[in-house]
Amino acid sequence: MHIQQKEQTYPLRQTALPVGAITAMGAAGAIIGGTVAAAKDLRQVKEGDMTREAAAGHILKEALGSGLATAVGAVAGTFFRSGVLGLAAMAVVGVGTKYLYDGVAGLAAEKAKSAAKTVAKTTTKAAAKAETAKPAKA
């Protein structure tokens, strides 16, 4: 976009990132976050400390969180004209977003584990009752 003034054309400073740039930055963040998680989890799978399914879930969770944090941080960085302030805002908002995402994802995982344990206990109790129940008289 340009401003025309007395036969002169001056470019305007773009104040927001285009959606494509935000998406590209989020994708780059997701790739980097997933790669780091994969590097850590591969060793645990190889040593037998983690299953492949658990590693895949963890890698996906880290990739999504890193991509989201990068995209949100990139948007926050556009609010400052100074490059240093923009980078600082990007880092602070990105870290905050990842911190919140990990907290929410951790709570969801804990609730899922808790629900699975409850179902397992209920099933075990029902099976135990069925075994100890007296057969009905005919």
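Residues numbered from 1 in each chain as written. Predicted model: local features only at pLDDT ≥ 70, side-chain atom pairs only at ≥ 80, totals over all residues. Heavy atoms only, no water.

**Student:** Could you give an account of the overall build of the protein chain, naming the residues involved and the relevant values?
**Tutor:** Each helix and strand counted, the protein chain has 3 helices and 2 strands in total. The linear arrangement of helices and strands in the protein chain, starting from the amino end, is β-β-α-α-α. Considering the protein chain as a whole, with its 138 residues, one finds that 18% of them fall into the buried category. Contacts in the protein chain between residues far apart in sequence, at least 24 positions, make up 55% of those at least 6 positions apart. Summed over its atoms, the accessible surface of the protein chain is roughly 10,700 Å², and 67% of this surface lies on carbon and sulfur atoms. (Helix = DSSP H or I, 4+ residues; strand = E, 2+ residues; numbered from the N terminus. Buried < 20%, exposed > 50% of the residue type's maximum accessible area, 1.4 Å probe, protein only. Contact = heavy atoms within 4.5 Å. Areas by Shrake-Rupley, 256 points an atom, 1.4 Å probe, with all protein chains shown as cover.)

**Student:** Go over helix α2 (residues 52-77) with me, naming the residues and quoting the values.
**Tutor:** Between its first and last C-alpha, α2 extends 37 Å over 26 residues, near the 38 Å set by a 1.5 Å rise per residue. Among all positions in α2, only Ala55, Glu62, Ala63, Gly65, Ser66, Gly67, Ala69, Ala71, Gly73, Ala74, Ala76 and Gly77 are buried. (Expected span 1.5 Å × (residues − 1).)

**Student:** So, the side chain of aspartate 41: which residues are in play, and what are the values?
**Tutor:** By secondary structure assignment, the location of aspartate 41 is in helix α1 (residues 19-47). Despite its burial, aspartate 41 pairs with no opposite charge; the closest candidate is lysine 40, at 7.7 Å N-O. Aspartate 41 has contacts with Met50, Ala55, His58 and Ile59, leaving out every residue within four places of it along the chain. (Lys, Arg positive; Asp, Glu negative; His and termini not counted. Salt bridge = Lys/Arg side-chain N within 4 Å of Asp/Glu carboxyl O.)

**Student:** Tell me about the environment of glutamine 44, residues and numbers included.
**Tutor:** Locating glutamine 44 in the fold gives a position in helix α1. For glutamine 44 and alanine 55, which are 11 residues apart along the polypeptide, the C-alpha to C-alpha distance reads 8.4 Å. Excluding residues within four positions of it along the chain, glutamine 44 makes contact with Asp49 and Met50.

**Student:** How would you explain a positive patch on the surface if you had to name every residue and give the values?
**Tutor:** Together, Lys113, Lys117, Lys121, Lys125 and Lys129 make up a region of like positive charge exposed at the surface. Tracing the backbone through its elements, the reader meets lysine 113 in helix α3 (residues 83-132). (Patch = residues over 30% accessible without salt bridge, like charges linked within 9 Å, V, L, I, M, F, W, Y side chains within 5 Å. Charge placed at Lys NZ, Arg CZ, Asp CG, Glu CD.)

**Student:** So what about the packing of α1 against α2? Which residues, and what values?
**Tutor:** Running from N to C, α1 and α2 point in directions that differ by 150°, and their axes come no closer than 7 Å. Overall, the two elements α1 and α2 adopt an arrangement that is roughly antiparallel. For the crossing formed where α1 meets α2, the hand is right-handed. Of the residues in α2, those in contact with Ile22, Met25, Gly26, Gly29, Ala30, Gly33, Gly34, Ala37, Ala38, Asp41 and Val45 of α1 are Arg52, Ala55, His58, Ile59, Glu62, Ala63, Ser66, Gly67, Thr70, Ala71, Ala74 and Val75. When grouped by side-chain class, the residues that make up the contact of α1 with α2 number 12 nonpolar, 8 polar and 3 charged. (Axes fitted to C-alpha atoms, helices over the stretch in contact; angles between N-to-C directions. Parallel < 35°, antiparallel > 145°, perpendicular 65-115°, else oblique. Left-handed = near helix turned anticlockwise from the far one by under 90°. Nonpolar A, V, L, I, M, F, W, Y, C, P; charged D, E, K, R; others polar.)

**Student:** Tell me about a nonpolar patch on the surface, residues and numbers included.
**Tutor:** The grouping of Val75, Phe79, Phe80 and Leu85 at the surface amounts to a nonpolar patch, some 390 Å² of accessible area in total. Position of phenylalanine 79 relative to the elements: it lies in the loop between α2 and α3. Residue class for phenylalanine 79 comes out exposed when judged on its relative accessible area of 65%.

**Student:** Please provide a residue-by-residue account of the pattern of salt bridges, values included.
**Tutor:** Between side chains of opposite charge, a pair can form when the charged atoms approach closely. The full count for this structure, using the stated rule, is 4 salt bridges. Of the charged contacts in the structure, one is a salt bridge between lysine 61 and glutamate 62, with a shortest N-O distance of 3.3 Å. Looking at lysine 61, the relative accessible area reads 25%, which means it is partly exposed. Note that lysine 98 is salt-bridged to glutamate 62, the shortest N-O span being 3.0 Å. Within this pair, whereas lysine 98 is found in helix α3, its partner glutamate 62 is found in helix α2, the two being separated by 36 residues in sequence. Of the two residues, lysine 98 and glutamate 62, both sit in the buried class. Bridged by salt links that share partners, the residues Lys61, Glu62, Lys98 and Asp102 form one connected network.

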